[in-house]
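These are the residues of each chain, in order.
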Amino acid sequence: MEIKVNFNSLQNALNQTGATLKYRFSLSKSNSIFSKVLNDFDKAGSLQIITNTPPNFYGGLLVYKNIFVYALLNNENDNSGNIHFSSCDILKNNLSQASLHLSTSDLFKESGELQKGYKPCESCLQITNWNNFSFAEDWAKRIVIRQFNIKHIHDHIISFQKELLSKIHSEETLLSIPNNFLRILEIIKAKKKWNCQICKVDTSGYKQTFHIMPTTDHKYTENEGDYYGLCVLCLKKANNYIITYPEELEYLNKSRLNRKDH
Ligand SMILES: [Zn+2]
Ligand SMILES: [Zn+2]
């Protein structure tokens with residue numbers, strides 16, 4: 001079932017800042033969805049042959065069964081070591097020869113950097129505009145490529161992955177999200193300073209708990225004022241289907257208690 005975020009209740013919540021927040025969370029459901037998808041991958045976090053479920057692209061990001069993945073072309077003619085993560089032509093035209101890899105796969109070091117011999121696809125960087133790649137000078141582009149780190153990217157996108165797994169967006173909404181959504185997440189979350197507009201909690205110590213939602217349906221700009229910035233517990237007041245994990249709950253409750261204005 002697909003339902004939209006209830007913006008009226010968000011606005012009400014904004015109006016009643018300080019009210020006691022009550023919520024429920026659904027661990028078993030979220031865990032089972034996630035582990036079911038992970039079962040498709042081998043122990044090294046890779047899926048060599050894509051059979052009946054081809055990946056798709058939401059917000060310019062490569063997604064397999066609502067989980068972000070990274071693609072490598074197993075093509076004799078391609079030994080570039082390019083890792084694709086967006087809808088570039090090379091990947092789209094060779095999807096049947098791509099293997100998919102989780103962020104925890106052997107392609108990445110523990111630190112989140114790519115293993116030696118691999119580099120991010122420049123077309124994918126261009127499409128998603130990660131780190132403002134599309135508008136950077138050549139010397140700055142080289143730095144973005146060198147500093148490519150999956151952990152930095154996931155700080156910004158895991159909230160979106162949870163939204164996908166929770167199915168809180170309609171297909172229409174998902175298809176309206178522009179290809180530079182990675183860049184939008186990067187700059188809007190920074191501008192919001194990772195602070196929830198409703199309960200004022202600072203999520204910067206646990207970034208996956210911070211979500212942004214456009215204030216107008218299907219309007220994805222680069223202006224801070226066009227988004228709500230919300231912790232996952234406040235988002236849950238507007239949409240009870242959003243997945244929350246016990247660790248997130250614990251972190252947010254602790255941070256709320258430690259708020260300076262308390
Ligand atoms: Zn690519
Ligand atoms: Zn909040």
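Relevant structure appears above.
So, how was this worked out
Residues numbered from 1 in each chain as written. Chains lettered and ligands numbered in written order. Predicted model: local features only at pLDDT ≥ 70, side-chain atom pairs only at ≥ 80, totals over all residues. Pairing = 2+ DSSP bridges. Helix = DSSP H or I, 4+ residues; strand = E, 2+ residues; numbered from the N terminus. Buried ≥ 20, exposed ≤ 12 C-beta atoms within 10 Å, placed from the backbone.

Enquirer: Looking at this model, I keep getting lost on the sheet that holds strand S1 (residues 46–47). Mind explaining?
Expert: Each strand in a sheet pairs with another by means of backbone hydrogen bonds, the pair being arranged parallel or else antiparallel. Across the sheet, three strands lie side by side as S1-S7-S5; this open sheet has antiparallel pairing. Of all the strands in the sheet, the pair left with one neighbour each is S1 and strand S5 (70–73). In terms of strand pairing, S5 meets strand S7 (residues 98–101) through four bridges, oriented antiparallel. Bridged to Leu72 within S7 is Ser99.

Enquirer: Sorry, what's going on with the pairing of strand S10 (residues 227–231) here?
Expert: A regular strand places its side chains on the two faces of the sheet in alternate fashion. A large share of S10 lies buried, amounting to five of its five residues. Burial along S10 is two-sided: the residues Tyr227, Gly229 and Cys231 and Tyr228 and Leu230 are all buried. As paired strands, strand S9 (residues 210–214) and S10 are joined by five bridges and run antiparallel to one another. Residue Pro214 lies in a different strand from S10, and its bridge partner there is Tyr227.

Enquirer: Could you clarify how one ought to interpret the sheet that holds strand S4 (residues 67–68) in this entry?
Expert: Spatial strand order, S2-S3-S4: three strands in an open sheet with antiparallel pairing. Each edge of the sheet is formed by a strand with only one pairing partner; in this case those strands are strand S2 (56–58) and S4. Relative to strand S3 (residues 61–64), S2 runs antiparallel, the two being bridged by three bridges. When the bridges of S3 are listed, Phe57 appears paired with Leu62.

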